[in-house]
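Residue-level listing of the chains:
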Amino acid sequence: MSSSSSSSSEIQTLDSTDFSAARYVDELLPNAAALADVVAVRTHIAQKRAAAQQTVERRQRAAADSGRQTEGVAEATAAIATLHGRITAMRGAAQRAERMVFDMTQDIKALDAAKRNVAVAAATAQQLQQLAAATAQLRDECEQQRLGDAAATVATIDGLRKAVAGLRRVRAVEVLARAAEAQQRTAGDVAVAAVQRAFDAQGRPVAGAAGAARDACRCSEAAGERARVVDWYCGEQLRAYGALFPADVAAVEHVARRYAWLRRILRNAADDHPQVFPADWRMPAQVARRFAVATRAALDAAVGAGAQADASTLTTAIGETRAFETQCDQRFAPAQHGEAGFSGVVSEAFAPLVAAAVRDECARLEKLVQRLGTQRDDAADDAGVLASGAELLYQMREALRRGAAVAAGDTLADLARGLAHVLDTYAHVVLTPRLGRATAGANSGAAAALNGLAAAAAVANTADYCAAAAEQLERRLAERVDAQVSFAGSRDALLSAAAAAIAALVDCAAATIAPALAALPAQRWDTVHAVGDQSEYVALAAAAVDTAVAAARRHLVAPRHFRAFSDRLAARFAERLAAAIGACRRVSEVGAEQLLLDAQALRAVLLAAPGAATPAYARIIARGFGRVEALLKALLAPAQPAALAERFLLLFPTAPRDSFRLVLRLKGLPPPEHGAYERALEGLCGGSQGQGADMKGQGGAPEEQDACTEPPATPLGALDTDPETLAPPEPGEPAVRARFNENLRRFMGGMRLA
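Residue positions within a chain follow its written sequence, with the count starting from 1. Owing to the predicted nature of the model, reporting of local features is limited to residues with pLDDT of at least 70; listing and counting of side-chain atom pairs is limited to 80 or more, with chain, interface and lining totals taken over all residues. Water and hydrogen atoms were dropped before computing side-chain values, which therefore reflect all heavy atoms in the structure.

What the protein contains, in helices and strands, is 24 helices and zero strands. Remark: exposure states derive from per-residue accessible area (1.4 Å probe, protein chains only) relative to the maximum for the residue type, with buried under 20%, exposed over 50%, and partly exposed in between. Evaluated residue by residue, the protein yields a buried proportion of 39% over its 754 residues. We call two residues in contact whenever any of their non-hydrogen atoms come within 4.5 Å of each other. Residue pairs in contact within the protein that sit at least 24 positions apart in sequence constitute 77% of those at least 6 positions apart. What sets the accessible areas is the Shrake-Rupley method with a 1.4 Å probe; for residues, cover comes only from the shown protein chains. Carbon and sulfur atoms form 55% of the exposed surface of the protein, whose accessible area is close to 39,700 Å². Numbering of helices and strands runs from the N terminus, with a helix taken as a DSSP run of H or I at least four residues long and a strand as a DSSP run of E at least two residues long.

Have a look at this one:
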């Protein structure tokens, strides 16, 4: 530890800047005892000397190496400086070369611009010289009337003027251009005058002037005066038109003469003038166009002044006008030359007159309908259609024919709406009142009833015929009219009239049958002791039915109308038969059996009346007579409360109280006894309700209708059970209803008429 610390101290001492050798020796040999270690000290010093010598040599070598590196950096720096100088010199040389190239390019561009300017100046000078020469040449040609050459010169001047148009800011150029323009206008005036001199006062070409006039036309076209020549020529050709055909109130009547006059003018022009005007000028088409415009103006003025025309005159005038427009379109083909067609140019002037004519037609038809409504002798023809309907449709067709010849678009749509209103008015003013008159005297006798039936059938046929005509008319008008035109309202009115006519037919037929059924309640049915052949009223009723059905079949044209009549008559007959039975004072059980026999006979009569009965017709009869037969079968029950109530409940599951009281009255039971029967019925109804409730509590389906519900308004209104159409009970049907139906089938199957 001491050696180490002393060694460190020595190193620090030797490295010190204020090193002192004496102090250093004193520190090594501090006392006399230390002299004994002098050899060791000497050795230590020698080692230190050797270490120091090595350190010095090492540092000298490091210094030498550092000197050599510094010299390399200096040399590199000098080389970089030299290279930078060279690059700078090269950049300067490149900039000087670039500037030199730019200056050379600018010089070349300046030379090119100067060359172009010289060329343009030379060309412009030449064009100005040519313009001046062409202007002088055109002046000479106009003075010498060499208009064919003048046409080419005018075209040349026009091209030169356009070429120097950008230099017109220069005063000299502007003066020269204005002089050229003035000379062109002069050439145009000379050419127009030459064309005018080529025709005499009557508008005919002067002999030998056709060639000069043709050259003048080319010159005027080159000078921009073509429209002026065309206007002059058309004015000359139509100069006499205004004087011959003034815009007076007779303009509509004489419109055909106007077109004939134009055709003559065009024919003369086609013969004499083609050598004068170029073909591309289309002078006949120009004349026709201006004639159409003048004619339109004349007609507008005449219509505005109050000109009138009857339907025939207006139809002829519009027909002639449309034919003229069609001929012009076919002859001149304006669409191929980018021009508007002739269609409507003149004919549209008649629009106010056409609208007035349409209103007059509709008013005339309305008056016709009112007059037809007051006629009494409106007989039907062989087709079963009223004469009034045939006449109205004929007048409507004529009105439509006349209207289609003169009207189109919205005007024709207005006519169609007017026709629809006329049909609607006819249904309400003519057809419906006739039904009232037809049924008014039906109850006065069979003959009157049959006459009313024929009249009602004629109304049905006429309404159906007019409805079909309205449908056809609507389809045809839809092809010609873009606007919505509907005859639905008039068809509905006519079909409603047809339905009312069928109802009137049934009323008249029922009136013929009424006397036969009126004999039924007049007979004493409580005194009948045995069931025999059918009663007398049955034959009378059958004859009346056959007569009415035959008359309806003979007068009705549409099979569907006859089917509707048959269905309604069958339902009406069943209602009247039930009402007649209900009007009887008393019916015994034998009397009820006789009435059942009569009902079967009447059922057969009605089934055979229309011929081949349809299933729907058979169902109507079965339903109607089923109610009657159910009432009569209820009268067959014994006059005992329980038996009668049970039989009635079998026949009438809904247990209508009015029907039950009717049965009691027809059986002749005194009113004081009715209470017992009604209590018996209520008891059965209560039992049925109890069983139904039990079934419901056990999971069965509830009964569809309570047997003790409120009775209907009429005694037989609820007799809707058809014994012949009862079906087996469906799964889940209440047990009470199933038992009723089964008992009823057994009852009906076991009944026999004595």
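This part takes up helix 4 (residues 147-163). Here a helix's expected span is defined as the number of its residues, less one, multiplied by 1.5 Å. Taking 1.5 Å per residue, 17 residues should reach 24 Å; helix 4 reaches 24 Å between its end C-alpha atoms and fits that length. Here helix 4 has its buried residues at Leu147, Ala150, Ala151, Thr153, Val154, Ile157 and Leu160.

Here, a salt bridge means any side-chain nitrogen of Lys or Arg that lies within 4 Å of a carboxyl oxygen of Asp or Glu. With the rule as written, the count across this model stands at 25 salt bridges. Taking the shortest distance from any N to any O, the salt bridge between Asp215 and Arg218 comes out at 2.2 Å. One end of the pair, Asp215, and the other, Arg218, are both in helix 6 (residues 210-222), three residues apart, so they sit about a helical turn from each other. Of the residues examined, Asp215 reaches a relative accessible area of 23% and is grouped as partly exposed. A salt bridge links Arg364 to Glu361; the nearest nitrogen and oxygen atoms lie 3.0 Å apart. Taken together, the residues Arg364 and Glu361, both in helix 12 (residues 351-374) and three residues apart, mark about one turn of the helix. Each member of the salt-bridge network shares a partner with another, and the members are Asp158, Arg161, Lys162 and Glu181.

Note on geometry: axes are lines fitted to C-alpha atoms, helical ones only across the stretch in contact, with angles between N-to-C directions running from 0 to 180 degrees. For the pair helix 16 (residues 488-522) and helix 17 (residues 536-555), the least separation of the axes is 8 Å and the interaxial angle reads 175°. Put simply, helix 16 runs roughly antiparallel to helix 17. Facing helix 16, whose interface residues are Ala509, Thr512, Ile513, Ala516, Ala519 and Leu520, helix 17 presents Tyr537, Leu540, Ala541, Ala544, Val545 and Ala548. Residues are grouped as follows: Ala, Val, Leu, Ile, Met, Phe, Trp, Tyr, Cys and Pro are nonpolar; Asp, Glu, Lys and Arg are charged; every other residue, Gly included, is polar. Broken down by class, the residue content of the contact of helix 16 with helix 17 amounts to 11 nonpolar, one polar and no charged. Any angle that falls under 35 degrees is termed roughly parallel, while one over 145 is termed roughly antiparallel, one within 65 to 115 roughly perpendicular, and all others oblique.

Mapped onto the secondary structure, Phe277 falls in the loop between helix 9 (255-272) and helix 10 (283-304). Assessed through its relative accessible area of 4%, Phe277 is described here as buried. In sequence terms Phe277 and Ala213 are 64 residues apart; their C-alpha atoms lie 7.8 Å from each other. Excluding residues that lie within four positions of it along the chain, Phe277 makes contacts with Val195, Phe199, Arg214, Cys217, Val229, Tyr233 and Met283.

This part is about the packing of aromatic side chains. Any Phe, Tyr or Trp ring, taking Trp's six-membered ring, that has another such ring centre within 6.5 Å forms a pair; planes under 30 degrees apart are called stacked, those over 60 apart edge-to-face, and the others tilted. Under the criterion given, the structure shown has 18 aromatic pairs. A network of ring pairs unites the aromatic residues Tyr241, Phe245, Tyr259, Trp261, Phe291 and Phe324 as a single cluster. Placement of a charge over a ring requires the Lys NZ or Arg CZ to be within 6 Å of the ring centre, with the centre-to-atom vector within 35 degrees of the ring normal. Arg289 extends its terminal NZ or CZ atom over the ring of Phe342, reaching a point 4.2 Å from the ring centre.

Definition used in this section: a nonpolar core is a set of buried Ala, Val, Leu, Ile, Met, Phe, Trp, Tyr and Cys residues joined via side-chain atoms within 4.5 Å. Among the nonpolar cores identified, the biggest contains 183 residues, and Phe277, Phe350, Phe487 and Phe565 are the most heavily contacted of them. When residues in this core are grouped by element, the largest group, 15 residues, is from helix 16.

Turning next to the confidence of the model for the protein. Predictor confidence is given residue by residue as pLDDT, running from a minimum of 0 to a maximum of 100. In this model, the protein carries an average pLDDT of 78, and 85% of its residues clear a pLDDT of 70 or more. Element-level pLDDT for the protein is lowest in helix 24 (residues 735-750), with a mean of 38, against a maximum mean of 90 in helix 18 (residues 559-582). Contacts for the low-pLDDT stretch residues 687-754, under 50 throughout, to residues beyond four places or in other chains number 86 contacts.

Over its 20 residues, helix 17 extends 29 Å from the first C-alpha to the last, a length consistent with the 28 Å expected when each residue adds 1.5 Å. Among all positions of helix 17, only Tyr537, Val538, Ala541, Ala542, Ala544, Val545, Ala548, Val549, Ala551 and Ala552 are buried. Residues of helix 17 that are buried make contact with helix 15 (446-478), helix 16, helix 18 and helix 19 (589-608).

A separate point is unusual backbone geometry. Phi at Arg282 takes a positive value of approximately 50°, unusual for a residue other than glycine. Along the chain, Arg282 turns up in the loop between helix 9 and helix 10.

Moving on, we come to the side chain of Thr135. For Thr135, the location among the structural elements is in helix 3 (residues 38-143). Side-chain atoms alone can form a polar contact between residues adjacent in sequence; in general such a contact is a pair of N or O atoms within 3.5 Å, and within protein one must be able to donate a hydrogen while the other accepts it. Separated by 2.7 Å, the side chain of Thr135 and the backbone oxygen of Leu131 make a polar contact. Every residue in contact with Thr135, bar those within four places of it in the chain, is listed here: Ile157, Ala179, Ala180 and Gln183.

Residue placement: Gln183 occurs in helix 5 (residues 171-197). With relative accessibility at 9%, the residue Gln183 sits in the buried group.

The next point concerns the environment of Gln127. Tracing the sequence through the fold places Gln127 in helix 3. Beyond its immediate stretch of four places on either side in the chain, Gln127 contacts Leu160, Ala163 and Val164.

Put simply, helix 4 and helix 5 touch, their axes get as near as 10 Å, and they point 150° apart. Relative to helix 5, the element helix 4 is oriented roughly antiparallel. Along this stretch, helix 4 crosses helix 5, giving a crossing that reads as left-handed. The residues of helix 5 that touch helix 4, namely those facing Leu147, Val154, Ile157, Asp158 and Arg161, are Ala177, Ala180, Glu181, Gln184, Ala187, Val190, Ala191 and Ala194. Classifying every residue of the contact of helix 4 with helix 5 gives nine nonpolar, one polar and three charged. By the definition used in this description, the sense in which the near helix is turned from the far one sets the handedness, with an anticlockwise turn below a right angle giving left-handed and a clockwise turn giving right-handed.

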